[in-house]
Amino acid sequence: MGTVYLAEGPTGPVAIKVINPHLANDPEFRKRFQREVAAARRVRRFCTAPVLDANLDGDPLWVVTEYVAGPDLGRVLRENGPLSGSNIEALAVGVATALTAIHDAGLVHRDLKPANVLLSPLGPRVIDFGIARALDAGDGQTSTGKILGTPDYMAPELFRGEPVGPPADIFAWGCVVVAAATGASPFASKTVPQAFYRVVNEEPDLSRVDPGLRPIVAAALDKDPARRPTAQQLVDMLVRRTQANTADIAGTVRLDLSEITRPADAPATLLAPPADD
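An account of the accompanying structure is given in this report. None of the values given here were measured: they were computed from a predicted structure.

**Digging into unusual backbone geometry**
Move 1: A positive phi is found at Arg110, a non-glycine position, where the angle reads about 80°.
Move 2: By relative accessible area, Arg110 is classed as buried at 13%.
Move 3: In this structure, Arg240 takes a positive phi of about 60° despite not being glycine.
Move 4: The exposure class assigned to Arg240 is exposed, which follows from its relative accessible area of 69%.

**A look at helix H3 (residues 73–80)**
Move 1: Those residues of H3 not exposed but buried are Leu73, Gly74, Val76 and Leu77. In a view along the axis of H3, the buried residues occupy a sector of 165°, so they form one face of it.
Move 2: Contact partners of the buried residues in H3: helix H4 (86–104), strand E5 (117–120) and helix H7 (166–182).
Move 3: Where H3 begins, the capping side chain belongs to Asp72, and its oxygen is found 2.9 Å from the backbone nitrogen of Gly74.
Move 4: Directly beyond the C-terminal end of H3, a positive phi value near 85° is found at Gly81.

**Focus on the pairing of strand E1 (residues 2–9)**
Move 1: Summarising burial for E1: six of the eight residues are buried, a large majority.
Move 2: Across eight bridges, the pairing between E1 and strand E2 (residues 12–19) is antiparallel. Paired with Val4 across the two strands is Lys17, which belongs to E2.

**A short note on the packing of H4 against helix H10 (residues 231–239)**
Move 1: Viewed as axis vectors pointing N to C, H4 and H10 meet at an angle of 150°, and their least axial separation amounts to 8 Å. When the interaxial angle is binned, H4 and H10 end up roughly antiparallel. As for the relative orientation of H4 and H10, their crossing is left-handed in sense. Where H4 abuts H10, its residues Glu89, Ala92, Val93, Ala96, Thr97, Leu99, Thr100 and His103 lie against Ala231, Gln232, Leu234, Val235, Leu238 and Val239.
Move 2: Considered class by class, the residues forming the contact of H4 with H10 number nine nonpolar, four polar and one charged.

**Digging into the nonpolar core**
Move 1: Counting 76 residues, the largest nonpolar core has Leu73, Leu91, Leu112, Trp173 and Val217 as its most contacted members.
Move 2: At 12 residues, the largest contribution of residues to this core is made by H7.
Move 3: Every residue in contact with Leu73, bar those within four places of it in the chain, is listed here: Leu83, Leu91, Pro114, Val117, Leu119, Val176 and Ala180.

**Focus: the pattern of salt bridges**
Move 1: Tallied over the entire structure, the rule returns 11 salt bridges.
Move 2: A salt bridge links Asp104 to Arg44, with the shortest nitrogen-to-oxygen separation between them at 2.6 Å. In this pair, Asp104 sits in helix H4 while Arg44 sits in the loop between helix H2 (27–40) and strand E3 (51–55), placing the two residues 60 residues apart along the sequence.
Move 3: Between Lys113 and Asp111 there is a salt bridge, with the nearest N and O atoms lying 3.4 Å from each other. For the residue pair Lys113 and Asp111, the accessibility class agrees, reading buried in each case.

Reading the values: the criteria
Residues numbered from 1 in each chain as written. Predicted model: local features only at pLDDT ≥ 70, side-chain atom pairs only at ≥ 80, totals over all residues. Heavy atoms only, no water. Buried < 20%, exposed > 50% of the residue type's maximum accessible area, 1.4 Å probe, protein only. Helix = DSSP H or I, 4+ residues; strand = E, 2+ residues; numbered from the N terminus. Arc of directions from axis to C-beta. Contact = heavy atoms within 4.5 Å. Polar contact = N/O pair within 3.5 Å; in protein donor to acceptor, adjacent residues only side chain to side chain. Pairing = 2+ DSSP bridges. Axes fitted to C-alpha atoms, helices over the stretch in contact; angles between N-to-C directions. Parallel < 35°, antiparallel > 145°, perpendicular 65-115°, else oblique. Left-handed = near helix turned anticlockwise from the far one by under 90°. Nonpolar A, V, L, I, M, F, W, Y, C, P; charged D, E, K, R; others polar. Core = buried A, V, L, I, M, F, W, Y, C linked by side-chain atoms within 4.5 Å. Salt bridge = Lys/Arg side-chain N within 4 Å of Asp/Glu carboxyl O.

The following block contains the structure:
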C-alpha cells in the first residue's frame, strides 16, 4: 500500500503514509482515496490516530496522522505472546469505542486486524480506516482483484460476496479480541480456502477467552451480520451501561505496556522509514 515515515510536525511527531505509485496512478483509487480520507478527517479523535493533513491531488499521495508511540498488536502477539489480565478488557473496550467513531462518520474499516491496532499507554488506537475503504473496489476486493482484508479476520459475508457494512468490523473485533487473549484469530488458517471454510462453517473456540467477555465475543462472531451487536452495543455490554458515552469511556482506557513492550519498541530517529504497510 505504501511506506510509513516518522516525521516531526509543528507540535510533535507525526506518521506520514506515502501511497505507492501503482495505486496513486490508478484514477479510481485516487478518487476513492480523496473521498475516504475526507471522511476519515471527520472521525472523532478518541481511540484512533486522527488524520492531520493530506495531499489528495498531487504526486505523491500522502496522508499525515497523529503518531502513536507504541507497537502494533500483531507485533506484540508475535514477539511477546497473548495479552493478559486487564489489558485484554482495555483492548476490547478501546477498539469497540474506536469503531463507534469510525461508524458514526459513515466509514467501514474493512481491514481491522492486530496490525492495525496500535498499543499506547492511553489505550489502543485503530489506524488505516480511511485507506482500507479507499482500497475497496466495491465487492470486497481491491482494484487488482485481490481480496481486501486478512482472511483470518474477515466476516462470512465478505467471502460470500454479500454487501459489507459495519457488522463486518464487529466480526473482526471479535477475532481481534480472541487473538489478544490467545495469540491467534479463532479462524487462523494457512490458506485462503481454509480460512473461507472455517469462517463460513465453523464455530469459534472461545474456551480460552475470559468468561466475562465470552458471550460478547460470541455475539460479535455470529455468522449472520444482522444478529451482531453494533459498536455502541458492544461498548454498552462491556461497561454494563446503556448508551454509554464512548468518548468518556475512551478517556478512561489504559494499557499496562510494562509487561508487553520493551524500550526498543520506540523508534530511535525521525525521518526514517520504520515500516512498510
